[in-house]
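One-letter residues, chain by chain:
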Amino acid sequence: MVSRARLLERLNEGLASGRKLTLITAPAGFGKTTLVSEWVTDCQRPIAWLSLDEGDREVTRFLTYLIAALQTVTPSIGTGVLGVLQSPQPPPIEAILTPLLNEIATLTDNFLFILDDYHLLDVKAIDHILLFLVEHKPPQMHLVITTREDPSLPLARLRARNQLTELRAVDLRFTPSEAAEFLHQGMGLNLSAESISILETRTEGWIAGLQLAALSMQGQGDTTNFIKSFGGGHHFVLDYLVEEVFHQQSEKVQNFLLGTSILDRMCSSLCEAVLADASAFGQDTLEHLERANLFIVPLDNERQWYRYHHLFGSLLRQRLQKSRTSEAIATYHLRASAWYEANGEAADAFQHAIAAQDFSRAARLAEIFWEGMNESFQTAAWLGWVKQLPEALIRVRPVLCTQIAWAYMDMSEVEASESRLREAERCLENPTDEMVIAVDAQFRTLPARIALARTYNAQSLGDFPGAVKYAELALNLVPEEEPFLRAQTKAILGGTYWANGDLDAACQSMSTWIDSSQQAGNVIFAIASGSGKADILIAQGHLREALKTYQESLQLASAHENEAQRVIAHHHLGLALLYHERCEDESAAQHLQKSLEVGPLSTLRDWPYRRCLAEARLKEAEGDFDAALEHLAEAQRFYVKSLIPNTRPIEARKVRIYLKQGRLSKTSAWVREQGFSGDEALRYMREYEHLTLARVLLAEYQNKRTESVMVEILSLLERLLRGAEAQNRMGSMLEILIVQALAYQTRGDSTKAFPSLELALTLAQPEGFIRIFIEEGEPMRALLLDFRVFNER
């Protein structure tokens, strides 16, 4: 309604100078959004606009809407990233944003991206996203932020580098001429220059105050006295003006405003449900409020969803508290809760039940909506809900207790999870009339779910025998009509078998899980699990079967290309390392490149960890040991617990590189820290570390030639070999035999070295193992030459 040429000139100047960011920050009602709306109308650039509200504080939702806004500029942008966001375990934020920014960098046209009302978010994770966008944004995108308070950005640095255009409250205030134009032409008032000057002075150019004052004056005969009596600070003025505006509405509109003020967003059917008045004509009233400038903001182009201006809504709620009983207000909330429940809006249904202090209803909703939120990996948000419930109410709901235990289980909070599991068991063992069950189907499977949760918890604590015990218990308890729960239990059981070194059983469990996932229609689970099965096969020394497994998974992925992109980076990385082992360098390079291309889209949390491990291994093979150690240090930062057991700890990997560097002081320090004992029981989870110990002792023997050390080495290797043979772990046997052969060679006993080497070669040849020998360096080369000469005699 009022053109602001002086401000538009500053905005255009900042855009023309190529600055990174335009920041418009001022309290409510200073015309931030209106100014930007006027600017973008004539700026001759495409516009992506994201209007924010408090519901956007969840990172996945914020990023989803951000991409949707970008797609108004280029419809295809961010499609792959959206797929990643819908995954069960999205990757780190940088891995999501990088491919998105790379796509933006390919655009030919410059455009504006506007984040409106950014202050409503106030979430550190989203502040981190914003910082990443500002620091890495392509030149095609100019970022515009409107907010009531400064965002968490390095504004001083941006100013110093002339990368920031900013407008603040002092800039946005109406000048006397702008106030006159607004009151005369915008609000249709015929006021004297003196009256306008008084209003402008007393509102200090605050646009919302002027608008509310003008609304109050419409239809009044004596505006002069009103203006003279108008005064006070902003909060007092606003309270007074809202009273004036509110009282000028009809009783029907007043009731509508008060009843719907409990809603963060409104549509016609929701408003009618809350007011319980079929004659309310919600859509007509909403459109009337919009036409009357009664601080209602449309949220879509179709004018289906609206919200009140935050300040206006707040004041309406204050008046609601004063004019209605607490019972009446609770009734509004309960009606809203019922509407949201019927429309599948879990969060809003729950929060309105809480607002009504109907905790029984809220608990029932939490119990009902848990399964859907668990399957969509929103258990952390769900757990935030139930923490608002009274403890006494939770304890009489065994299903809810178990659901809470699962939520804590997902967060690896074992003690909290176990506490809730015990409460659920108490309900089952001593049922009372107070016990409440909202979801009968889950109640029937409760014993199995409790056992399955304990399987996860035992694995989190490294208690793998306990995990096997609970997984087997869960399998016995799962009803036949729950095939997916049974398959899930078997998958977890596979992880425990793996940790205990029973790789045959682990591989069979993983195969069963893959088949069950496909039968249940969870193709992405089946594809992703193919990588885990290949890991087991490689540990078994079955490279050919692992290669086949990778290829079958990628073939399945090709039929689901868009969805599968977020889970196939592991497969390509695994193939790269497998071909590297077989010295098929061209194939290795191709799959490594593909893995790095799709890696940033991966939804599997351990992708950064695996990538770093692979880079360390390749650098080690090149002889760049310092770079390999750097990659291992980075991998350590990225490590996350999963169902895949960590059989090769980072520190032991580092020690093997230290040996190649001749840094024996570091390797000896590691041995002391580990506190190895010659008579300790050998476990698969420590096999890699014991083999590393054997290598360290062998290096010490080469320096001092202490026979007792050699005896210790050979005894340890013999015990390790027997354990690997007993569990048919050919991959383990191969390395043990190689170290054993090298030990005998170092001792000068070729007659015993050659049989170990021959058996190792026999195991390796059919599968294509090559680099495992090459990486042993000169000692292995000499041993192989001696072995050939021996055989040629």
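Scanning the protein from terminus to terminus reveals 44 helices and seven strands. Dimensions of the protein, computed from the C-alpha atoms along their principal axes, are close to 120 × 70 × 45 Å. Across the 793 residues of the protein, 52% fall into the buried class. Long-range contacts, defined as pairs at least 24 residues apart, comprise 67% of the intrachain contacts of the protein with a sequence gap of at least 6.

A separate point is the pattern of salt bridges. Enumeration over the complete set of coordinates arrives at 43 salt bridges. The closest approach of N and O atoms between Glu 341 and Arg 361, which form a salt bridge, is 2.8 Å. With a gap of 20 residues between them, Glu 341 in helix H18 (residues 326-342) and Arg 361 in helix H20 (residues 359-375) connect regions that are remote in the sequence. Classification of Arg 361 by relative accessible area gives buried; the value is 15%. The salt bridge involving Glu 480 is made with Arg 486; its shortest N-O contact spans 3.7 Å. By relative accessible area, which is 65% here, Glu 480 ends up exposed. Overall, the relative accessible area of 19% leaves Arg 486 in the buried class. If you follow the salt bridges from partner to partner, you end up with Asp 150, Arg 159, Glu 166 and Arg 168 in one network.

As a further point, take unusual backbone geometry. The phi dihedral of Asn 162 is positive, around 55 degrees, even though this residue is not glycine. Structurally, the position occupied by Asn 162 is in the loop between helix H7 (155-160) and strand E5 (164-167). Phi is positive for Asn 728, which is not a glycine, with a value near 55 degrees. Its place among the elements puts Asn 728 in the loop between helix H40 (707-726) and helix H41 (730-747). Given a relative accessible area of 43%, Asn 728 falls into the partly exposed group.

Counting residues in each nonpolar core, the largest one holds 66 residues, and the members touching the most others are Trp 382, Leu 389 and Leu 400. For Trp 382, the contacting residues outside a window of four places in its chain are Ala 366, Trp 370, Met 373, Leu 400, Gln 403, Ile 404 and Ala 407.

Take Pro 139: it is sitting in the loop between helix H6 (124-136) and strand E4 (141-147). The spatial distance from the C-alpha of Pro 139 to the C-alpha of Glu 472 is 57 Å, given a sequence separation of 333 residues.

Bringing the pairing of strand E1 (residues 21-25) into the picture now. Of all the five residues making up E1, five are buried; the element is thus mostly covered by neighbouring parts of the structure. Summarising the sheet, E1 and E4 pair through five bridges and their orientation is parallel. Bridging from a neighbouring strand, Leu 21 pairs with Leu 143 of E4.

So, on to the packing of helix H26 (residues 446-460) against helix H27 (residues 464-477). The interhelical angle for the contact between H26 and H27, taken along N-to-C directions, is 165 degrees, at an axis separation of 8 Å. On the basis of the axis angle, H26 is roughly antiparallel to H27. In this structure, H26 meets H27 at a crossing whose hand is left-handed. On the side of H26, the interface is formed by Pro 447, Ala 448, Ala 451, Leu 452, Arg 454, Thr 455, Ala 458 and Gln 459, while H27 contributes Phe 464, Gly 466, Ala 467, Tyr 470, Ala 471, Leu 473, Ala 474 and Leu 477. Its residues assigned to classes, the contact of H26 with H27 shows 12 nonpolar, three polar and one charged.

We now examine the packing of aromatic side chains. The relation between two aromatic rings is expressed through the spacing of the ring centres and the mutual angle of the planes. Applying the stated rule across the entire model yields 10 aromatic pairs. Between Trp 370 and Trp 406, the aromatic rings sit 5.9 Å apart at their centres with planes inclined by 90 degrees, giving edge-to-face as the arrangement. Of the two residues, Trp 370 sits in helix H20 while Trp 406 sits in helix H23 (residues 398-410), which places them 36 residues apart along the sequence. Note on accessibility: Trp 370 and Trp 406 belong to one class, buried. Every member of this aromatic cluster is reached through a ring pair, and the members are Trp 305, Trp 339 and Tyr 340. The residue whose ring lies beneath Lys 469 is Tyr 470, and the NZ or CZ to ring-centre distance is 4.7 Å. Between the NZ or CZ atom of Arg 656 and the centre of the ring of Tyr 688, over which it lies, the distance is 3.9 Å.

When the terminal C-alpha atoms of H27 are compared, their 20 Å separation across 14 residues agrees well with the 20 Å that a helix rising 1.5 Å per residue should span. Taken as a whole, H27 has its buried residues at Phe 464, Gly 466, Ala 467, Val 468, Ala 471, Ala 474 and Leu 475. Measuring from the backbone nitrogen of Gly 466 back to the side-chain oxygen at the start of H27 gives 3.0 Å, which picks out Asp 463 as the cap.

Here we come to the side chain of Ser 337. Among the structural elements, Ser 337 can be located in helix H18. A distance of 2.7 Å separates a polar atom in the side chain of Ser 337 from the backbone oxygen of Ala 349. For Ser 337, the contacting residues outside a window of four places in its chain are Ala 349, His 352, Ala 353, Arg 361 and Leu 365.

Glancing now at the sheet that holds E5. The strand order E2-E3-E4-E1-E5 describes an open sheet built from five strands, whose pairing is parallel. Each end of this open sheet is capped by a strand with a single partner; those strands are strand E2 (47-51) and E5. Mean inter-strand twist for the sheet, computed between neighbouring axes without regard to direction, equals 15 degrees.

Parameters at a glance
Residues numbered from 1 in each chain as written. Predicted model: local features only at pLDDT ≥ 70, side-chain atom pairs only at ≥ 80, totals over all residues. Heavy atoms only, no water. Helix = DSSP H or I, 4+ residues; strand = E, 2+ residues; numbered from the N terminus. Buried < 20%, exposed > 50% of the residue type's maximum accessible area, 1.4 Å probe, protein only. Contact = heavy atoms within 4.5 Å. Salt bridge = Lys/Arg side-chain N within 4 Å of Asp/Glu carboxyl O. Core = buried A, V, L, I, M, F, W, Y, C linked by side-chain atoms within 4.5 Å. Pairing = 2+ DSSP bridges. Axes fitted to C-alpha atoms, helices over the stretch in contact; angles between N-to-C directions. Parallel < 35°, antiparallel > 145°, perpendicular 65-115°, else oblique. Left-handed = near helix turned anticlockwise from the far one by under 90°. Nonpolar A, V, L, I, M, F, W, Y, C, P; charged D, E, K, R; others polar. Phe/Tyr/Trp six-rings, centres within 6.5 Å; stacked < 30°, edge-to-face > 60°. Lys NZ or Arg CZ within 6 Å of the ring centre and 35° of its normal. Expected span 1.5 Å × (residues − 1). Polar contact = N/O pair within 3.5 Å; in protein donor to acceptor, adjacent residues only side chain to side chain.

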